[in-house]
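What follows is the residue order along each chain.
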Amino acid sequence: MNQVSSLTFRPYYGSLCWTPTFRRFNLHFRCHSIRAMASQSHIVGYPRIGPKREMKFALESFWDGRTSAEELQVVAAGIRSSSWKQLADAGIKYIPSNTFSYYDQMLDTTAMVGAVPTRYGWQSDEVGFQTYFSIARGNANVPAMEMTKWFDTNYHCIVPELGPHMREWMNSKRPMLKDNFIASHICPDIFSGCNCVDFFSSYSLSPLHSKALFSANAAAQASRKSSPMVTNEAVQNAAAALDGSEQFQGTDVGGRLDTQLKKLDLPILPTTTIGSFPQTMDIRRVRREYKDKKISLKDHVDAIKEEINKVVKLQEELDIDVLVHGEPERNDMVEYFGEQLSGFAFTSNGWVQFYGSRYVKPPIIYGDVSRPKPMTVFWSLLAQSMTKKPMKGMLTGPVTIMNWSFVRDDQPRFETCYQIALAMKDEVQDLEKAGITVIQIDEPALREGLPLRKSEQAFYLDWAIRSFRITNCTVQDTTQIHTHMCYSNFNDIIRSIIDMDADLITIENSKSDEKLLTALPEGVHFGSGIGPGFYDVHSPRIPSDKELRDKIKNTVKVLENKNVWVNPDCGLKTRKYSEVRPALCNMVAAAKYNRGMLA
């Protein structure tokens, strides 16, 4: 058992300078103070991961019980101290405070104001690490609190629960000021990772300097536009030729499902997983050594093949109906494809936090996008050769690839998205030609691109849904198309999700207090298959057989049982096999139990 820290979160009242989106970036830019009339420099936040992801590794070591709370605090204190020194050395006058978090800023605020639900057993004035991380990750007895995306970004935050227990606590305690906070402005270009230095200052340039500056900028823009690295005439012509007819399949989803179920020979309440399986240290080492040219291509393929075989055998053991290959060859669901598509570039250390200790490196889309060669067919065929059960081909959708990237600014975003859609369409066609009968095209970031202005939302949803449909508009009725979405407020765009016309949509529901189910009966007919996600994979907690039985039972009361699929709420990449095996075993047992009840 990890020792609970004595230096913990005290309830706090006061104004919070809270801008978590900017602090997600771990880009190690230099901060410059700028001389201008009466100007002073300030930034609103700073990366909290550490230059070599020290915080990530310290957290995971603490969670595994390999290090103590005191050791975790030492790492955290070192990151905070070095950040403050770096900012001071750069000349930043007003250094921000409260930019650090062990897990999530919203969770910190929940702890500071004492909004801890009674089910976590918290009774004292301080919220220790044991309670704090139980709220975030759950424990053996209690699931984690709800998680959602922060203002349609990929940053996942904990959703506070305010109730009578909260009001009673606030009435019985005096406010305690823990730190001094300064008010700040939010940089209007916050999502581009700008350093927000003195953005409200006035600047003056000499006419000669000004002319040279703008001339150089115009020359750079012209060079970019004419560069063959940026412009691909064939790609542009293919995107321009899209006329709308390419996004519609000939048969409605109900007719397709009947055809597919006969071919796939699936039971009611079929079971599947979302795609990834645990990525062990050995697999990460193999990928790293192959990238560094320390092992041969053959050694790399052999190691990945062995891992895929292990994943397939485990799923067959558990009697899962539609299998996945586990994605051991992939580093990240966007980075993996970006590395194989033209028009993408990557950083070495541009890590972005999306929740807890999980970070990704968003690609940079700088030019027209195309697919030089097949990206997943080899691995999908290899996995299918290991089983007689259906094996899913696993792809990331165009909207998610774009929304989780830094996107070029010299053309509308929808044009870039159409280009990615056409590239993924080529991959879908090759998978189908190779005999893969179930293809999943994930779109977890669909809602993240939704504009805040309601007047702009319909246009975005139109081209985003169209982009998805472009990817699979040519498939046969017998080829089943899945998609997956997670941790967003889908209720207000549920009709657009239906318009995606996928044969199966898996949507995170387990960590949203099953709110999705309340949206569907209100005049919404969901004709396609739906997998609500019956347990939370972001927590190490293993759901019981009975808990899963009850969840499935409640779901089939709301949805047609012939359309319901049973699956976890997301990929299993972040979990351990010691957690995955019993959780999936209970999930399959619960599905079989409910099949018997429906027979």
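Parameters and conventions
- Residues numbered from 1 in each chain as written.
- Predicted model: local features only at pLDDT ≥ 70, side-chain atom pairs only at ≥ 80, totals over all residues.
- Heavy atoms only, no water.
- Helix = DSSP H or I, 4+ residues; strand = E, 2+ residues; numbered from the N terminus.
- Contact = heavy atoms within 4.5 Å.
- Axes fitted to C-alpha atoms, helices over the stretch in contact; angles between N-to-C directions.
- Left-handed = near helix turned anticlockwise from the far one by under 90°.
- Nonpolar A, V, L, I, M, F, W, Y, C, P; charged D, E, K, R; others polar.
- pLDDT = per-residue confidence, 0-100.
- Buried < 20%, exposed > 50% of the residue type's maximum accessible area, 1.4 Å probe, protein only.
- Pairing = 2+ DSSP bridges.
- Core = buried A, V, L, I, M, F, W, Y, C linked by side-chain atoms within 4.5 Å.
- Right-handed = clockwise from strand over helix to strand, strands pointing away.
- Salt bridge = Lys/Arg side-chain N within 4 Å of Asp/Glu carboxyl O.

Right, let's talk about the environment of Val-360 for a bit. Looking at the element boundaries, Val-360 is found in strand β5 (residues 358-360). Taking the C-alpha atoms as reference, Val-360 lies 7.2 Å from Asp-332; in sequence the two are 28 residues apart. Setting aside its immediate chain neighbours within four residues, Val-360 contacts Asp-332, Gly-350, Trp-351, Val-352 and Phe-354.

On to the side chain of Arg-256. Here Arg-256 is to be found in helix α9 (residues 253-264). In this structure Arg-256 touches Gln-249, Thr-251, Asp-477, Asp-501, Ala-502 and Asp-503, once residues within four positions along its chain are discounted.

Here we come to the packing of helix α11 (residues 297-318) against helix α20 (residues 577-598). Look at α11 against α20: their axes get within 10 Å of each other, and the N-to-C directions meet at 30 degrees. The crossing of α11 and α20 is right-handed. Across the interface between the two elements, Glu-307, Lys-310, Val-311, Leu-314, Glu-317 and Leu-318 of α11 pack against Tyr-577, Arg-581, Leu-584, Cys-585 and Val-588 of α20. When its residues are assigned to classes, the contact of α11 with α20 shows 7 nonpolar, no polar and 4 charged.

Counting all residues, the mean pLDDT for the chain is 83, and 82% of those residues have values of 70 or more. Of all the helices and strands in the chain, helix α1 (residues 20-23) carries the lowest mean pLDDT, 30, while helix α13 (residues 377-384) carries the highest, 98. Long-range and interchain partners of residues 1-38, a stretch whose pLDDT sits below 50, account for 136 contacts in this model, where long-range means more than four residues apart.

Counting buried positions along strand β7 (residues 392-396) yields 5 of 5 residues, so the element is predominantly enclosed. For β7 and strand β9 (residues 438-442), the ladder comprises 5 bridges, and the chain directions are parallel. By the bridge assignment for β9, Gly-393 is matched with Ile-439.

With respect to the helices, strands and loops of the structure, Tyr-535 is situated in the loop between β12 (529-531) and α19 (545-558). By relative accessible area, Tyr-535 is classed as buried at 5%.

On to the sheet that holds β9, then. Here we have 5 strands laid out as an open sheet, ordered β7-β9-β10-β11-β12, and parallel in their pairing. At either margin of the open sheet sits one strand with a lone partner, and together these are β7 and β12. Along the sheet, successive strands turn relative to each other by an average axial angle of 20 degrees, direction set aside. Two elements, β9 and strand β10 (residues 480-485), share 3 bridges in a ladder whose sense is parallel.

With 88 residues, the main nonpolar core has Leu-446, Ile-497 and Leu-584 as its most contacted residues. The biggest single contributor to this core is helix α15 (residues 413-433), with 9 residues. Judged by nonpolar contacts, the second largest core, of 30 residues, contains Leu-59, Ala-69, Phe-129 and Phe-354.

Further remarks concern the pairing of β9. Here is the key point about a regular strand: its side chains alternate between the two faces of the sheet. Most of β9 is tucked away, with 5 of its 5 residues classed as buried. Burial along β9 is two-sided: the face carrying Val-438, Gln-440 and Asp-442 and the face carrying Ile-439 and Ile-441 are both buried. In this fold, the crossover linking β9 to β10 by way of helix α16 (residues 454-472) has right-handed handedness.

Moving on: the pattern of salt bridges. Under the criterion given, the structure shown has 30 salt bridges. Between Arg-285 and Asp-282 there is a salt bridge, and its shortest N-O distance comes to 3.9 Å. Within this pair, Arg-285 and its partner Asp-282 are both found in helix α10 (residues 281-291), separated by 3 residues, close to a single helical turn. The partly exposed category is assigned to Arg-285, whose relative accessible area is 32%. Arg-469 is the partner of Asp-501 in a salt bridge, and the nearest nitrogen-oxygen pair spans 3.8 Å.

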